[in-house]
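Close look at the chain arrangement
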Amino acid sequence: MSSDTYDFIVVGGGTAGLVVASRLSEDPRQRVLVLEAGADTNSDPRIKIPASWVSLQGTDMDWGFRTEPQPLLGGRSIGVSQGKILGGSSSINAQVFVPCNPAVIDHWNSSLGNSGWDWETFSPYYAKAYTTPPVDDSLAVKLGIDGWTGHSSAHGPLPTSFPGNPSHPIRKAWADTFRANGHYQTQDPFIDGAQGSFSCLATVDPVTKERTSAATAYYHPNRARKNLHVLTNATVERIRFDGEDQKRATGVVYNYNGEHREVTCSKEVILAAGALQSPKVLELSGVGNTKFLGKHGIEPVIDLPGVGENLFDHLVNTTSFGAVDDLETLDPLILDPSVGEQAAKDFAERQTGLLTSMGVYTYAYLPIMEHISGEGQKRLKKLLQDNPPAPGDGPDQIRAQAYYKIAERGLLDPKQASGAYLSFIGPWGGPPEPGSRTLTLCVMLSQPLSRGSVHIGSKDISAAPIVDPNYLSNPLDLDLFAEHMLYIETLARSAPLTDLLKHPIIHRDPASDLTDLETARKWVQKNSNSMWHLGGSCAMLPRQMNGVVDSTLKVYGTTNLRIVDSSAIPLMSTANLQATVFAFAERAADLIKEAWSQK
Ligand SMILES: Cc1cc2nc3c(=O)[nH]c(=O)nc-3n(C[C@H](O)[C@H](O)[C@H](O)COP(=O)(O)OP(=O)(O)OC[C@H]3O[C@@H](n4cnc5c(N)ncnc54)[C@H](O)[C@@H]3O)c2cc1C
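Since this is a predicted model, take the numbers as computed values, not measurements.

1. Points about the overall build of the protein chain
When helices and strands are tallied, the protein chain shows 17 helices and 21 strands. Scaling as 2.2 N^0.38, a compact globule of 599 residues should have a C-alpha radius of gyration of about 25 Å, and the protein chain matches this with 23 Å. Each principal axis of the C-alpha atoms in the protein chain carries an extent, and together these give about 70 × 60 × 40 Å. For the protein chain, the proportion of its 599 residues judged to be buried stands at 60%. In the protein chain, once contacts between residues fewer than 6 apart in sequence are set aside, the share between residues at least 24 apart is 74%. When the accessible surface of the protein chain is summed, it comes to about 21,700 Å², and 51% of that surface belongs to carbon and sulfur atoms. Side chains of the protein chain give 52 positive and 65 negative charges; the mean places of these two sets differ by 3 Å.

Written out as structure tokens, the structure is:
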């Protein structure tokens, strides 16, 4: 297809971009162009093999961004990887596929003013995106999901599976430990993922055992469509507009192999460059805080002070324990080249073995209030009361007040998850110890109150954005996180999970032996890192809260520019983000189709 005018131009062929492009191009009359800065290197074995995900960071398939030094993380600047490849971050991520808690999605509507975005409307879009793997009764017992009263039945393009060794003892031990303490999830979390433990799905094909992604599931099967054109190695520099009060996006300027090109659209420009670069494309196009743009010599087109603000992320922290000698873990894969060779052979010839595992099998969404003393509960409540948002009726204050109310109602509620726990069968963040096995327990702070920003540092398209998530800047976040980390110590001593660990318990890093709140706070600051779940930087919020897109995902002040990726998500997911991004993009595609079928 050679045409310089398309109906739709999608900026960024990542997770959300490819979902939307594939759905819009189902109608052969719609001509859809996707411009992606990365290449289609999805056949690289490092992408395909589930266990290789860690080795992708820092390669040319990762934008390799880092944060500004974070004062509350001891001044560390930490890595915030983002996929630079067709498929975006879904092609380099850790492949965990878990849903958000329904109460969080309901807040998008009830507390954040996005009419029509609640669990009832949104949850069918998870099912539209992925396919559930077949599970018979005996497999359900091994996976620890035999107590589920309901299983989701989804038939979307994205194949998923319970990855790695289905009989791995962590699954049953995890399920039985949480059954014993009353926090076992009683049905598939995609049906009503309230809280509790579960064996998690992964974007790993149940047959080939290879990674699945937006590229393999949404683009590759449809690449023969004559009306879908995907151009890789094409970096969008800015969006062009015309019109007076309401701006119309007329097309984009992009760089292809060093050459500046332009392409126009008759219907919409759809921005899907991810949480760190959708704001960048807007700012380079003159959409953002006018005063800030002026400082960089960019002529303002639309004054939208919310662009690049409200950035959120999940911090993750871990404790690695010495595991019993016969536990299957990833340590030998890293330590012993002969194990690596055998694993490669098993994977290639039989699609079995250690390489089929990304290392994460189990999750638990837990409320902290149930696990701490009355004194601890009082202290957390007081911290919340002592750190209210700034008073006032400016848009930033109204937004901060809305998030604070959500925290008041949810974060300290014993029925709602404030942390997401997971196990990793190997060392996380450090090298393995020769001759020993490791089991790591990890926590993400589900709903931090701290917010940061991401902005351009200059007009130069090739310059990295300035990323400042402002981690732990709200004092409640630090203490909540520290309390969750302390609970890891309780879990490590709870049967039958504790039977998988060596006794007396060995903490791989002595500083992770958390005895009280103060040691836990120190460990949180020293050892927390990004879980790469960035979002919120072009949030779907009312304009009175400095939102960037309305509830149809249209950028304020424009007639035909939408944002469909993680940057538009207004309140972060309970745990990992990709399932929610896939569902969000599926809904976005329906909204766009609806809008144009009415015209
Ligand atoms: C290392 C890592 C591990 C993760 N692990 C998990 C996990 O296990 N489970 C989970 O649920 N989530 C995980 N995530 C998060 C999840 O993958 C992301 O939240 C989600 O994929 C983001 O989707 P997106 O569409 O917003 O952005 P992306 O998928 O990142 O897509 C943005 C695309 O836009 C392109 N682009 C950017 N700028 C331009 C431009 N100017 N012109 C053209 N193209 C451009 C990028 O190259 C990219 O392809 C992980 C993320 C990372 C990075």
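2. Description of the sheet that holds strand β16 (residues 419-424)
Read across the sheet, six strands follow the order β6-β15-β16-β17-β14-β20 without closing on themselves; strand pairing throughout is antiparallel. The open sheet has two edge strands, β6 (196-199) and β20 (529-530), and neither has a second partner. In the sheet, β16 pairs with strand β17 (residues 437-445) via six bridges, with the strands oriented antiparallel. Residue pairing in the sheet places Phe424 in a bridge with Thr440 of β17. Taken strand by strand, helix α15 (residues 475-492) contacts β14 (315-323), β15 (360-366), β16 and β17, and its axis lies near 150° from that of β17. Strand contacts of helix α16 (residues 517-527): β14 and β20, with the helix running at about 105° to β14, the strand carrying the most contacts.

3. Things to note about the state of the cysteines
Throughout the structure, instances matching the rule amount to zero disulfides. Residue Cys265 stays outside any disulfide, its sulfur separated by 18 Å from that of Cys538, the closest cysteine. Just so you know, Cys442 is unpaired, no disulfide at all, and the nearest cysteine sulfur is the one on Cys200, 11 Å from it.

4. With respect to helix α1 (residues 15-24)
Among the ten residues of α1, ten are classified as buried, and the element is accordingly described as predominantly covered. Buried within α1 are the following residues: Thr15, Ala16, Gly17, Leu18, Val19, Val20, Ala21, Ser22, Arg23 and Leu24.

5. Concerning the site of the ligand
Residues in close proximity to the ligand total 36 residues, the closest being Thr15, Glu36, Ser89, Ser566 and Gln578. Gln95 has a polar backbone atom sitting 3.2 Å from an oxygen atom of the ligand. At a separation of 2.8 Å, a nitrogen atom of the ligand approaches a polar backbone atom of Val96. Look at the ligand: alone it shows 1,000 Å² of surface, and the protein chains cover 98% of it. Those elements that provide at least two residues to the shell around the ligand are α1, β9 (234-242) and α17 (578-597). With three residues, β9 is the single largest residue contributor to the shell around the ligand. Looking at side-chain class alone, the shell around the ligand contains 15 nonpolar, 18 polar and three charged residues.

6. Focus on the domain arrangement of the protein chain
Taken domain by domain, the protein chain holds domain 1 (1-130 + 210-313 + 450-471 + 531-599) and domain 2 (166-202 + 315-381 + 416-445 + 473-527). Each of domain 1 and domain 2 has a C-alpha centre, and these two points are 31 Å apart. Facing the 34 residues of domain 1 at the interface are 36 residues of domain 2. Here domain 1 packs against domain 2, burying approximately 2,800 Å² in sum over the two surfaces, 64% of which is carbon and sulfur. Counting the surface domain 1 buries against domain 2, the share from its top three residues, Pro99, Ser450 and Met531, is 19%. Counting across the interface, domain 1 meets domain 2 through zero salt bridges. Our count for the domain 1 to domain 2 interface comes out at 13 residue pairs in polar contact (both at pLDDT 80 or more).

7. Details of the packing of α1 against α17
Packed helices, taken two at a time, are described by their axes: the angle between them and the distance between them. Taken N-terminus to C-terminus, the directions of α1 and α17 make an angle of 35°; their axes are 8 Å apart at the nearest point. In this structure, α1 meets α17 at a crossing whose hand is right-handed. Along its contact with α1, which presents Thr15, Ala16, Val19, Val20, Arg23 and Leu24, the element α17 presents Val581, Phe582, Ala585, Glu586, Ala588, Ala589, Ile592 and Lys593. When grouped by side-chain class, the residues that make up the contact of α1 with α17 number ten nonpolar, one polar and three charged.

8. Section: the pattern of salt bridges
Taken as a whole and judged by the stated rule, the model has 28 salt bridges. For Glu262, the salt bridge identified is with Arg240, shortest N-O distance 2.8 Å. With Glu262 in strand β11 (residues 259-271) and Arg240 in strand β9, the pair connects residues that are 22 residues apart, well separated along the chain. Residue Glu262 is classed as partly exposed on the basis of its relative accessible area of 43%. A residue is classified by how much of its surface remains accessible, and Arg240, at 32% relative accessible area, is partly exposed.

Rules of the game
Residues numbered from 1 in each chain as written. Predicted model: local features only at pLDDT ≥ 70, side-chain atom pairs only at ≥ 80, totals over all residues. Heavy atoms only, no water. Helix = DSSP H or I, 4+ residues; strand = E, 2+ residues; numbered from the N terminus. Rg over C-alpha atoms; globule rule 2.2 N^0.38 Å. Buried < 20%, exposed > 50% of the residue type's maximum accessible area, 1.4 Å probe, protein only. Contact = heavy atoms within 4.5 Å. Areas by Shrake-Rupley, 256 points an atom, 1.4 Å probe, with all protein chains shown as cover. Lys, Arg positive; Asp, Glu negative; His and termini not counted. Charge placed at Lys NZ, Arg CZ, Asp CG, Glu CD. Pairing = 2+ DSSP bridges. Axes fitted to C-alpha atoms, helices over the stretch in contact; angles between N-to-C directions. Disulfide = S-S within 2.5 Å. Near = heavy atom within 4 Å. Polar contact = N/O pair within 3.5 Å; in protein donor to acceptor, adjacent residues only side chain to side chain. Nonpolar A, V, L, I, M, F, W, Y, C, P; charged D, E, K, R; others polar. Domains from an automatic or database assignment. Buried area = accessible area lost by both parts, 1.4 Å probe. Salt bridge = Lys/Arg side-chain N within 4 Å of Asp/Glu carboxyl O. Left-handed = near helix turned anticlockwise from the far one by under 90°.

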